[in-house]
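Listed below, chain by chain, are the residues.
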Amino acid sequence: MTMTAEEQTSEGQHTIPMEGEDITPKKDGGVLKLVKREGTGTELPMTGDKAFVHYVGTLMDGTLFDSSRDRGERFSFELGKGQVIKAWDIGVATMKVGEVSQLICKPEYAYGSAGSPPKIPPNATLVFEVELFDFRGEDITDEEDGGIIRRIVTKGEGYSKPNEGAAVEVTVEGTCNGHVFDERELKFEIGDGESLGLPPGVEKGIMAMEQGEEALFDIKPKYGFGNAGNAKYNIPGGATLKYKIKLAAFEKAKESWEMNTLEKLEQSIIVKEKGTQYFKEGKYKQASVQYKRIVSWLEHESGLSEEDEKKAKALRLAAYLNLAMCFLKLQEPNHALENCDKALELDASNEKALFRRGEALCATKEFDKARDDFQQVVQLYPANKAAKSQVVLCQKHIKEQHEKDKRIYANMFQKFAEQDSKKAEQVKGDTKENGKDDMEIDNTEKGVESEAKA
């Protein structure tokens, strides 16, 4: 539907013509769009995309109230998130890259009866000329490293999203280089995805979705199948994956604040067993997720009875020890160290905590500190033969390190000595050369004196 009309100001002057296509979902004439320059391509921005535009905003009588061009910098916003007026969320979603369009926005799609003083009066119809330069999907990673980019095809309902441990029902379609390698309907708990052949980025994506939402995800190798790839799906190492996911339904797992002490203790026992099962299967990442849940539930729990405090402490200690072991298996020694330290805060002479901290310190080549931990294990638990072996191994590493340092320093001093010798030779040579020059000057002066006497 295209509308054409003309309004007048109170002084009788003609205003900007009310023309363009009605692009409102309700077809109520609230936003009229007139394309002034066609864009390129066929792709349009989606909900959640970050759009980059220039715009010039005027009232119907042509009075300028805002312009990004005058400021000399493009304006960016996330589409469909309510960061701009309704007319923009509607209008920019219909534009292609390079397109320039005029949007005429009725008050109910702009600033309404309140206006935006002092430049925009109440009940004002606004005119924007908008140029779309670029748009890109939403980065949903915690680090904002571009590893998981989401583009929303169909917006979901409400604001609630699945959390760790939530039960979800999803449809997934995974593609790589245009080839569909995974297409399934699944029901599972967040944290169990890897056991179903889903890369970490898929679960991360699902946790950003609302019920009923359908979205496209670009997943970089870090959040996909990594450098190893996936033999089952014939995915090469370092591949970027594309997933189309629909979140049909979900039920959130209870948050810590929603559970009483008894529930936390009961759930902790359940997830501890679940984590142990994952660990036995070599699924260390999934196991760590379960142990982390115990920590989140019980770490700051206070006001417990003596009996419950004892149970909570035992569960926390087990969680820290198991997390340390998971991180050692995952070759993340710094995280292992953190959890060993937490365990030792609860039990300063814990055999497993001291031994695993020693292993983590060996992995970071801090052999002196590692030896101290293993020696402490031997002192406290003389029957621990593994700790005795580790003390000997640490001594060997320390000796090798000392020998290496001696060679490095010996070479360093030898180089310094050679450099000093070269400098001394150079200075000596310069002195001789200067002496020769002095003799030449003296002889010249004597010659001048002889000529003068003559």
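Details of the structure are given in the entry above.
What you see is a predicted model, and the numbers here were worked out from it, not measured in a lab.

Peer 1: Please explain the side chain of His54 as it appears in this structure.
Peer 2: Among the structural elements, His54 can be located in strand 4 (residues 50-59). By relative accessible area, which is 10% here, His54 ends up buried. A polar contact of 2.7 Å, which involves the side chain of His54, links it to the side chain of Ser68. With residues near it in sequence (within four places) discarded, His54 still touches Ser68, Arg69, Glu73, Arg74, Glu129, Val130, Glu131 and Phe133.

Peer 1: When you look at the pairing of strand 3 (residues 31-37) in this model, what are you seeing that I'm missing?
Peer 2: On any regular strand, side chains alternate: one points to one face of the sheet, the next to the other face. With two bridges connecting them, strand 2 (residues 18-22) and strand 3 associate as antiparallel partners. Counted as the bridge partner of Glu21 is Lys33 from strand 3.

Peer 1: Can you walk me through helix 4 (residues 261-280) in this structure?
Peer 2: A turn of α-helix holds 3.6 residues, and therefore any two residues three or four places apart point the same way. Between its first and last C-alpha, helix 4 extends 29 Å over 20 residues, near the 28 Å set by a 1.5 Å rise per residue. Turning to helix 4, its buried residues are Lys264, Leu265, Ser268, Val271, Gly275 and Tyr278. Buried residues of helix 4, seen end-on, are gathered within an arc of 140° and therefore sit on one face of the element. Facing away from the buried surface of helix 4 by more than 90 degrees, the exposed residues are Leu262 and Lys280.

Peer 1: So what exactly am I meant to see when it comes to the pattern of salt bridges here?
Peer 2: Any two side chains of opposite charge can pair if their charged atoms end up close together. Inspection of the entire model under this criterion finds 32 salt bridges. Among the ionic pairs, Glu78 bridges to Lys81, the shortest N-O distance being 3.6 Å. Overall, Lys81 belongs to the partly exposed group, its relative accessible area being 35%. Overlapping salt bridges bring together Glu78, Lys81, Glu138, Arg150 and Glu213 as one network.

So, how was this worked out
- Residues numbered from 1 in each chain as written.
- Predicted model: local features only at pLDDT ≥ 70, side-chain atom pairs only at ≥ 80, totals over all residues.
- Heavy atoms only, no water.
- Helix = DSSP H or I, 4+ residues; strand = E, 2+ residues; numbered from the N terminus.
- Buried < 20%, exposed > 50% of the residue type's maximum accessible area, 1.4 Å probe, protein only.
- Polar contact = N/O pair within 3.5 Å; in protein donor to acceptor, adjacent residues only side chain to side chain.
- Contact = heavy atoms within 4.5 Å.
- Pairing = 2+ DSSP bridges.
- Expected span 1.5 Å × (residues − 1).
- Arc of directions from axis to C-beta.
- Salt bridge = Lys/Arg side-chain N within 4 Å of Asp/Glu carboxyl O.

Limitation: the analysis is restricted to geometry and does not speak to function.
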